[in-house]
Amino acid sequence: MWAMPYHESLQPCADHAASHAVSANAQSDLLHKLYHKLLAHYGDPNWWPAASREEMMIGAILVQNVSWKNTVTALHLVRERFGFTFRALREAPLDELAACIRATRFYQSKAARLQAFSFWIEAQCGDDLDRLFARDAIELRRHLLSAPGIGPETADDILLYAAELPSFVIDSYTKRIMRRIAIGPERDTYEAWRSFFMERLPADVLLYNRYHALIDQLGSQVCRASRPLCTACPLKTCCTYARSQSSAD
DNA sequence: TTCCGGATCG
DNA sequence: CGATCAGGAA
């Protein structure tokens with residue numbers, strides 16, 4: 001029934017924790033269980049909210065290390081002033097672009113990176129995203145990682161939500177939630193976290209799409225960094241942190 | 001005042 | 001690795 005595990009087709013390095021077969025199965029069951037609890041609680045998150053792949057990719061750069069609410073403010077101003085085309089961003093005066101995205105913090109470096117990325121897109125595919133995304137998934141990920149302003153999380157955002165390839169996205173919410181639940185890879189690196197999920201979940205674009213969106217919803221509203229709302233958490237029965245919080249109160 | 005959804009450079 | 005970037009909400 002399940003598709004081939006994604007790491008066999010895209011993931012170059014294996015997570016060595018997977019060699020512990022018994023705990024790996026238990027961890028896989030838990031990851032599935034968490035997903036279904038989140039889906040039952042929140043419903044289909046319908047992420048990513050963008051009318052085009054270009055808008056999605058621009059939003060992915062703007063949202064780096066900033067709240068989505070502030071990103072929406074910036075996206076609105078960019079849409080009004082320039083529109084969501086890479087050509088428009090290439091031609092944009094940097095100071096005007098920076099002014100539009102001020103709400104997303106680090107706006108000067110982000111404006112420069114957004115423009116540099118737009119030039120990179122032109123050089124790679126002449127703004128034809130079908131051409132960019134046509135290449136092999138493994139190579140596409142490596143390629144995106146070589147683009148200016150694109151780190152591992154943003155690359156996976158683009159792979160999953162624009163190219164619609166099953167690449168699991170890891171962010172701070174993901175790590176915080178899973179750490180509190182007490183599940184995760186041994187090595188604390190981006191690739192180890194990503195492999196941890198991909199080796200235990202089927203390579204399903206819709207599953208990865210919804211899972212990450214649901215994690216973000218929980219992480220921003222409930223499983224916050226400070227003063228998390230454990231009593232209202234849909235995952236509290238699975239979470240050691242929530243239990244320690246309720247016993248402490 | 002403190003905290004907070006990354007990427008890059010040295 | 002640590003430093004840097006530098007707004008908005010609480």
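Please refer to the structure placed before this passage.
Just so it is clear, the model here is predicted, and its values are computed rather than measured.

Colleague: Explanation requested: the overall build of chain A in the structure shown.
Modeller: Assigned secondary structure in chain A consists of 13 helices and zero strands. Along chain A, helices (α) and strands (β) appear in the sequence α-α-α-α-α-α-α-α-α-α-α-α-α when read from the amino end. The proportion of buried residues among the 249 residues of chain A is 49%. The contacts in chain A between residues at least 6 apart in sequence include a share of 66% that link residues at least 24 apart.

Colleague: Help me understand the protein's contact with DNA strand B in this model?
Modeller: Lining the immediate surroundings of DNA strand B are 24 residues, of which Val-66, Ser-67, Ser-172, Arg-176 and Ala-225 lie closest. The protein-proximal atoms of DNA strand B, defined as those within 4 Å of the protein, are 59% sugar or phosphate. In the model, a base nitrogen of DNA strand B is placed 2.8 Å from a nitrogen or oxygen of the Val-66 main chain. Counted by class, the surface near DNA strand B contains nine nonpolar, eight polar and seven charged residues.

Colleague: Explain the pattern of salt bridges here, please?
Modeller: Oppositely charged side chains can pair when the atoms bearing their charge come close. Scanning the entire structure with this criterion turns up 14 salt bridges. In this structure, Arg-79 and Glu-55 form a salt bridge, with 3.2 Å as the shortest nitrogen-oxygen distance. With Arg-79 in helix H3 (residues 68-81) and Glu-55 in helix H2 (residues 53-62), the pair connects residues that are 24 residues apart, well separated along the chain. The salt bridge partner of Glu-96 is Arg-81, with a shortest N-O separation of 2.4 Å. Here the residue Glu-96 occupies a position in helix H5 (residues 94-100), and Arg-81 occupies one in helix H3, the gap between them amounting to 15 residues. Here Glu-96 falls in the partly exposed class, since its relative accessible area comes to 30%. One salt-bridge network, held together by shared partners, links Arg-141, Asp-156, Glu-191 and Arg-194.

Colleague: I'm lost on the protein's contact with DNA strand C in this one. Help?
Modeller: As a matter of local geometry, DNA strand C sits amid Asn-70, Arg-102, Ala-103, Arg-105, Phe-106, Tyr-107, Gln-108, Ser-109 and Arg-227. Close to the protein, within 4 Å, the atoms of DNA strand C are drawn from sugar and phosphate at a rate of 55%. Contact distances for DNA strand C include 3.3 Å between a sugar or linking oxygen and a side-chain N or O atom of Asn-70. Between DNA strand C and Tyr-107, the relevant distance is 3.2 Å, taken from a phosphate oxygen to a side-chain nitrogen or oxygen of the residue. When residues in the surface near DNA strand C are grouped by element, the largest group, three residues, is from helix H6 (residues 107-125).

Colleague: What am I meant to see in the side chain of Arg-141 here?
Modeller: Note that Arg-141 resides in helix H8 (residues 137-145). What Arg-141 contacts, discounting residues up to four positions off in sequence, is Pro-152, Asp-156, Leu-159, Ser-167, Tyr-190, Glu-191 and Arg-194.

Colleague: When you look at the environment of Arg-179 in this model, what are you seeing that I'm missing?
Modeller: Tracing the backbone through its elements, the reader meets Arg-179 in helix H10 (residues 172-181). Note: C-alpha distance between Arg-179 and Tyr-241 (62 residues apart in sequence) is 8.7 Å. The contact partners of Arg-179, leaving out residues within four places of it in the chain, are Asp-188 and Trp-193. Polar side-chain contacts of Arg-179 include one of 2.9 Å to the side chain of Asp-188.

Colleague: What's the story with unusual backbone geometry in this structure? I'm lost.
Modeller: Most of the time, phi is negative for any residue but glycine, and the peptide bond is trans. For the peptide bond that leads from Trp-47 to Trp-48, omega is 10 degrees, which places it in the cis range. The phi dihedral of Asn-46 is positive, around 50 degrees, even though this residue is not glycine. Of note, Asn-46 is situated in the loop between helix H1 (21-42) and H2.

Colleague: How do you make sense of the packing of aromatic side chains when you look at a structure like this?
Modeller: What characterises a pair of aromatic rings is the spacing of the ring centres plus the angle enclosed by the ring planes. Enumeration according to the criterion identifies 12 aromatic pairs in this entry. A ring pair is formed by Phe-168 and Tyr-211, whose centres lie 5.7 Å apart and whose planes are at 85 degrees; its orientation type is edge-to-face. On the criterion of sequence distance, the pair formed by Phe-168 in the loop between helix H9 (152-161) and H10 and Tyr-211 in helix H12 (residues 205-221) is long-range, its members being 43 residues apart. Exposure remark for Phe-168: the relative accessible area of 0% places this residue in the buried category. For Tyr-211, a relative accessible area of 0% corresponds to the buried category. Between Phe-197 and Tyr-211, the ring centres sit 6.0 Å apart and the planes meet at 85 degrees, which makes this aromatic pair edge-to-face. Pair noted here: Phe-197 is in helix H11 (residues 190-198) and Tyr-211 is in helix H12, with a separation of 14 residues, a long-range link. Joined through ring pairs, the aromatic side chains of Tyr-35, Phe-168, Phe-196, Phe-197, Tyr-208 and Tyr-211 make up one cluster.

Calculation criteria
Residues numbered from 1 in each chain as written. Chains lettered and ligands numbered in written order. Predicted model: local features only at pLDDT ≥ 70, side-chain atom pairs only at ≥ 80, totals over all residues. Heavy atoms only, no water. Helix = DSSP H or I, 4+ residues; strand = E, 2+ residues; numbered from the N terminus. Buried < 20%, exposed > 50% of the residue type's maximum accessible area, 1.4 Å probe, protein only. Contact = heavy atoms within 4.5 Å. Near = heavy atom within 4 Å. Polar contact = N/O pair within 3.5 Å; in protein donor to acceptor, adjacent residues only side chain to side chain. Nonpolar A, V, L, I, M, F, W, Y, C, P; charged D, E, K, R; others polar. Salt bridge = Lys/Arg side-chain N within 4 Å of Asp/Glu carboxyl O. Phe/Tyr/Trp six-rings, centres within 6.5 Å; stacked < 30°, edge-to-face > 60°.

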